[in-house]
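What the coordinates show
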Amino acid sequence: INVRTGRLDKFGKDGHNILYVAGISGSGKSTLALNLAKRLNAEPIHLDWYYDGQSKEYTPFRKFLEKNGVDFKKVYKNNKLNYEESDKIFPLLQQYSKDHKLIVEGVQLLDNTMSLDTAKVLLNEPIISVQTSAKVSSNRASNRDNSSIKIADALKAKKLQNIFDDQTALSIGQAYTDYLSKK
């Protein structure tokens, strides 16, 4: 797996209880997040479960969201994200992290579904961006979802990921620095 990272040395310190894992659909971020959660004794949060309105998983985080006013019947209506309801999720995620160590992954980190400017929030947070080619990612996502994802859509998503990486200041140099700080 090829990744770019930023600020990994902050994870678990001084209120930085979330390690974000971003990447395009089919990049391997869910697999990486689950493995990291096990190794780091953290709770995995799959943003798709909360933003797509399809999940029936009743996790501690879902219970927390419902207790704090998120109505999952309203998050995704008429095959569209209902921003009025979904905009409650990300701020509650940050609140939840005060008492929980989390690995948070999702394509939502790359797009505009967040109520806050995601890049601004992530500028100071530990983050990993999973790098795969558009072709590989679209093939994986198509196989996983039993659907056809157009390569043009995957290329558009890859371009968005590159912009995201630039905005959140992820670099190979930072990845090396993070690696050395762990030794």
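This report concerns the structure included in the present document.

Rules used throughout
- Residues numbered from 1 in each chain as written.
- Predicted model: local features only at pLDDT ≥ 70, side-chain atom pairs only at ≥ 80, totals over all residues.
- Heavy atoms only, no water.
- Buried < 20%, exposed > 50% of the residue type's maximum accessible area, 1.4 Å probe, protein only.
- Helix = DSSP H or I, 4+ residues; strand = E, 2+ residues; numbered from the N terminus.
- Pairing = 2+ DSSP bridges.
- Axes fitted to C-alpha atoms, helices over the stretch in contact; angles between N-to-C directions.
- Contact = heavy atoms within 4.5 Å.
- Expected span 1.5 Å × (residues − 1).
- Arc of directions from axis to C-beta.
- Left-handed = near helix turned anticlockwise from the far one by under 90°.
- Nonpolar A, V, L, I, M, F, W, Y, C, P; charged D, E, K, R; others polar.
- Salt bridge = Lys/Arg side-chain N within 4 Å of Asp/Glu carboxyl O.

With that settled, consider the pairing of strand β6 (residues 102-105). Here β6 shows a buried face lined by Leu-102 and Val-104 and a second buried face lined by Ile-103 and Glu-105. In this structure, strand β2 (residues 18-22) lies alongside β6, joined through four bridges in parallel fashion. If you follow Ile-18 over to β6, its bridge partner there is Leu-102. The pairing of strand β3 (residues 43-46) with β6 spans four bridges and is classified as parallel. Residue pairing for β6: Pro-44 is matched across the bridge by Ile-103.

A few words on the sheet that holds strand β7 (residues 127-131). Read from one edge of the open sheet, five strands run β1-β7-β2-β6-β3, paired in mixed fashion. Edge positions in the sheet fall to β1 (2-6) and β3, since each has one partner strand and no second. Shown here is a sheet whose adjacent strand axes are inclined to one another by a mean of 20°, direction ignored. Inspection of the sheet shows β2 paired to β7 by three bridges, in the parallel sense. Note on β7: the bridge partner recorded for Tyr-20 is Ile-127. Contacting β1, β2, β3, β6 and β7, helix α1 (residues 29-40) crosses the sheet at an angle of about 180° to β6.

Time to look at helix α9 (residues 151-167). With 17 residues, α9 extends 24 Å between its outermost C-alpha atoms, agreeing within 8% with the 24 Å of an ideal straight helix rising 1.5 Å per residue. Of the positions making up α9, those classed as buried are Ala-154, Lys-158, Gln-161, Phe-164 and Asp-165. All buried residues of α9 project into a common sector of 115° when viewed along the axis, lining one side. Exposed residues pointing more than 90 degrees away from the buried face of α9 are listed as Lys-156, Lys-159 and Asp-166. Immediately downstream of α9, the backbone of Ala-169 shows phi near 60°, a positive value.

Turning our eyes to something else, we now look at the packing of helix α3 (residues 60-67) against helix α6 (residues 89-96). Two numbers describe a pair of packed helices, the interaxial angle and the distance between the axes. Interaxial distance between α3 and α6 falls to 10 Å at its minimum, and their mutual angle equals 115°. Relative to α6, the crossing made by α3 is right-handed. Along its contact with α3, which presents Pro-60, Phe-61, Phe-64 and Leu-65, the element α6 presents Ile-89, Leu-92, Leu-93, Gln-95 and Tyr-96. Classifying every residue of the contact of α3 with α6 by side-chain character gives eight nonpolar, one polar and no charged.

Moving on, we get to the pattern of salt bridges. Throughout the structure, instances matching the rule amount to two salt bridges. Here Glu-66 ties to Arg-62 by a salt bridge, and the two come within 3.1 Å at their closest N and O atoms. Taken together, the residues Glu-66 and Arg-62, both in helix α3 and four residues apart, mark about one turn of the helix. Taking relative accessible area as the criterion, Arg-62 reaches 11% and is therefore assigned buried. Among the ionic pairs, Glu-85 bridges to Lys-88, the shortest N-O distance being 3.1 Å. For Glu-85, a relative accessible area of 6% translates into the label buried. Judged by its relative accessible area of 31%, Lys-88 falls in the partly exposed class.

With that settled, consider the pairing of β2. A large share of β2 lies buried, amounting to five of its five residues. Residue alternation in β2 divides its side chains into two sets, Ile-18, Tyr-20 and Ala-22 and Leu-19 and Val-21, and both sets are buried.

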